[in-house]
Amino acid sequence: MTHFTEKTIQNYPGWDEFYAGEVDEKIDFFTKGHRLFDVIYSQQFDRRFLDYICRLSNAIRLLAKTKAGSRKLRRLLAHKRAMLYFVQPSTRTFLSFLNACHILGMKVSDIRDTSTSSEIKGESQEDSIRTFASYVDLIVIRHPEAGFSEKTAWVLNQSERPVPVINGGSGPDQHPTQALLDIYTLERSFEHIGRLDGKKIAMVGDLKRGRTVRSLSYLMKNYEDITLYFVSPKVFKMKEDIKSFLEKHKIQFYETDDFQSVMPLVDAVYMTRIQKEYADDAVEEADDYPDFFFKEAYLSIIQPHCVIMHPLPRRYEIEVAVDKDPRAVYWRQERNGMWMRAALIAYIFRVEKEILKELTAQ
Ligand code: CP
């Protein structure tokens, strides 16, 4: 078979109205027994949850260091199965979820290309997802369309077999678990200087289409006295929906295209890649914006405690020579994703108390 049969488009009455609704009013639909069931948007997380998930990530990280601790973690969810449906390319989100599942003993199946599933025969995406739910206890989705994870959770929650859905990146819209691991990285980095409250963060690059900076911005409402600096070329400015959200929650933010003037002011620099995959014409769009690159020379401009982050993958935004500086935390940041995603899965399946108890007992 060399080409796809045309996709079957199914009508789900009520979906368009639901999707158009305000996120705050939809959150209850993805909650069960006052706990997160599906993880779709960053706006689902409050401070209590964020502190708890960071504590739990720490506990898993520490337990996994020993053979006895790893063995105990692996027994927790050995009876559960997960599906990773990653039909938009991914390296770290896919691998960190896969390894998070392994840490907790879960069995994992995956589809990474619709040409290897019955979607090539025209099966709708919604029917494919319902099929996964017949076999597994958790579905993690990376998809090029905004709203696809949300629709999946919405469809499954009305079915006879609702299983939790985690959004592993939905088009240029949201990447809530990346925001969680970013918070965990910031909290770990600022452990000895009053944690994240009161800090100044520069977000740099393609803020218009970078879902990681969008999801992280939403989380700032949970912290005291945060200041954001949005540093971007004029064509990639942060969108109005995020700016309105920040204004509504009285979070201070500034916009500029002068990266160097912001560098000495901030406690964290969060670099991002130009997201050419969402360009109307990827050939026409410029490849790089050197004024928004972090160069080795800038290490002497930033504060001694300022951390340099990047969700990765990178292209030219951070010079390789920067990697050796202890303030460059992006490799730790991607590893943090594995601990935090294991913590999230443990929370969803309600085994987190056993983990915290185990750590205390050691
Ligand atoms: N940060 C991130 O989402 O990376 P991948 O696209 O490699 O998963």
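Let us look at the structure shown here. In this convention, every chain numbers its residues from 1, walking through the sequence in written order. Where local features are concerned, this predicted model is filtered to residues with pLDDT of at least 70; where side-chain atom pairs are given and counted, the filter is 80 or more; whole-chain, interface and lining totals use all residues. Only heavy atoms go into the side-chain values, all of them from the structure, while hydrogens and water stay out.

### Here's the deal with the overall build of the protein chain
Line of reasoning, step 1. Helix and strand definitions here come from DSSP, where helices need a minimum of 4 consecutive H or I residues and strands a minimum of 2 consecutive E residues; each element is numbered from the N-terminal end. Counting its secondary structure elements, the protein chain contains 13 helices and 11 strands.
Line of reasoning, step 2. For 362 residues, the compact-globule formula gives about 21 Å, and the C-alpha radius of gyration of the protein chain, at 20 Å, lands near that figure.
Line of reasoning, step 3. Structurally, the protein chain occupies a C-alpha span of about 55 × 55 × 40 Å along its principal axes.
Line of reasoning, step 4. Counting all 362 residues of the protein chain, 57% fall into the buried class.
Line of reasoning, step 5. Contacts are residue-level and defined by heavy atoms, with any inter-residue pair within 4.5 Å sufficient. Taking the intrachain contacts of the protein chain between residues at least 6 apart in sequence as the baseline, contacts between residues at least 24 apart amount to 77%.
Line of reasoning, step 6. All accessible areas in this document rest on Shrake-Rupley with a 1.4 Å probe, and a residue is counted as covered only by the protein chains that are shown. In the structure as shown, the protein chain presents an accessible area of about 16500 Å², 50% of it carried by carbon and sulfur atoms.
Line of reasoning, step 7. Positive and negative charge centroids in the protein chain, built from 52 and 52 side chains respectively, lie 9 Å apart. The globule rule used for comparison is 2.2 Å times the number of residues to the exponent 0.38, while the radius of gyration itself is calculated over C-alpha atoms. Type-normalised accessible area, obtained with a 1.4 Å probe on protein chains alone, sets the label of each residue: buried when under 20%, exposed when over 50%, and partly exposed for intermediate values. We treat Lys and Arg as the positive residues and Asp and Glu as the negative residues; His and chain ends play no part in the count. Every charge is mapped to an atom, namely NZ of Lys, CZ of Arg, CG of Asp or CD of Glu.

### Focus: the site of the ligand
Line of reasoning, step 1. By convention in these notes, a residue is near a molecule or strand provided one of its non-hydrogen atoms lies within 4 Å of it. Around the ligand, a shell composed of S90, T91, R92, T93, R142, H175, Q178, P311 and L312 is seen.
Line of reasoning, step 2. Pairing of N or O atoms within 3.5 Å defines a polar contact, subject to two protein rules: one partner must be a possible hydrogen donor and the other a possible acceptor, and residues neighboring in sequence count only if both atoms are side-chain atoms. The side chain of H175 places a nitrogen or oxygen atom 2.9 Å from an oxygen atom of the ligand.
Line of reasoning, step 3. Q178 places a polar side-chain atom, nitrogen or oxygen, 3.1 Å from a nitrogen atom of the ligand.
Line of reasoning, step 4. Relative to its unbound accessible surface of 260 Å², the ligand loses 92% to contact with the protein.

### Focus: the side chain of E352
Line of reasoning, step 1. For E352, the location among the structural elements is in helix α13 (residues 352-361).
Line of reasoning, step 2. In this structure E352 comes out as buried when scored by relative accessible area, which is 1%.
Line of reasoning, step 3. A distance of 3.2 Å separates the side chain of E352 from the side chain of R35, its partner in a polar contact.
Line of reasoning, step 4. A distance of 3.2 Å separates polar atoms of two side chains, one belonging to E352 and the other to Y52.
Line of reasoning, step 5. If we skip the residues at most four places from it in the chain, E352 touches R35, Y52, L56, A346 and Y347.

### Considerations on the sheet that holds strand β7 (residues 200-204)
Line of reasoning, step 1. One requirement defines pairing of two strands: DSSP has to find at least two bridges between them. With parallel pairing, five strands are arranged side by side in an open sheet as β9-β8-β7-β10-β11. Since the sheet does not close on itself, it has two edges, and those belong to β9 (252-256) and β11 (307-309), each with one partner. Within this sheet the neighbouring strands show an average axis-to-axis angle of 15 degrees, counted without direction.
Line of reasoning, step 2. Where β7 meets strand β10 (residues 268-271), four bridges bridge the pair, whose relative direction is parallel. Bridging from a neighbouring strand, V204 pairs with M271 of β10.
Line of reasoning, step 3. Packed onto the sheet, helix α10 (residues 240-248) meets β8 (227-231) and β9 and runs at close to 145 degrees relative to β9. For helices, the axis comes from a line fit to the C-alpha atoms of the stretch in contact; other axes are also lines fit to C-alpha atoms, and the angle between any two N-to-C directions lies between 0 and 180 degrees.

### Notes on the pattern of salt bridges
Line of reasoning, step 1. Each salt bridge in this description consists of a side-chain nitrogen of Lys or Arg and a carboxyl oxygen of Asp or Glu lying within 4 Å of one another. Enumeration over the complete set of coordinates arrives at 19 salt bridges.
Line of reasoning, step 2. We note a salt bridge from E150 to K26, for which the minimum N-O separation is 2.8 Å. Taken together, the residues E150 in helix α7 (residues 148-156) and K26 in helix α2 (residues 23-26) connect sequence positions 124 residues apart.
Line of reasoning, step 3. Given a relative accessible area of 5%, K26 falls into the buried group.
Line of reasoning, step 4. One salt bridge connects R161 with D137, and the closest N-O pair in it is separated by 3.6 Å. Of this pair, R161 sits in the loop between α7 and β6 (165-170) while D137 is found in the loop between α6 (125-135) and β5 (138-143), placing the two residues 24 residues apart along the sequence.
Line of reasoning, step 5. Residues participating in the shared-partner salt-bridge network are R47, D51, E187, R195 and D197.

### Description of the pairing of β6
Line of reasoning, step 1. Of all the six residues making up β6, six are buried; the element is thus mostly covered by neighbouring parts of the structure.
Line of reasoning, step 2. The definition of a right-handed crossover adopted here requires that, viewed with the strands pointing away, the path from the first strand over the helix to the second runs clockwise. This β-α-β element, β5 to α7 to β6, shows right-handed connectivity.

### Structural notes on the packing of helix α5 (residues 92-103) against helix α12 (residues 330-348)
Line of reasoning, step 1. Two numbers describe how α5 lies on α12: the axes approach to 8 Å, and their chain directions differ by 50 degrees. By the criterion of interaxial angle, the relationship of α5 to α12 is oblique. You can see that α5 and α12 cross each other, and the crossing is right-handed. Side by side, α5 and α12 meet where R92, T93, S96, F97, N99, A100, C101 and I103 of the first sit next to E334, G337, M338, W339, R341, A342 and I345 of the second. Roughly parallel refers to an angle under 35 degrees, roughly antiparallel to one over 145, roughly perpendicular to one between 65 and 115, and oblique to any angle outside these ranges. By convention, the crossing between two helices is left-handed when the near helix turns anticlockwise from the far helix through less than a right angle, and right-handed when the turn is clockwise.

### Brief notes about helix α3 (residues 47-63)
Line of reasoning, step 1. To estimate the expected span of a helix, subtract one from its residue number and multiply by 1.5 Å. In this model α3 runs 24 Å from its N-terminal to its C-terminal C-alpha over 17 residues, within 8% of the 24 Å that 1.5 Å per residue would give.
Line of reasoning, step 2. When α3 is considered as a whole, its buried residues turn out to be F49, L50, Y52, I53, C54, L56, S57, A59, I60, R61 and L63.

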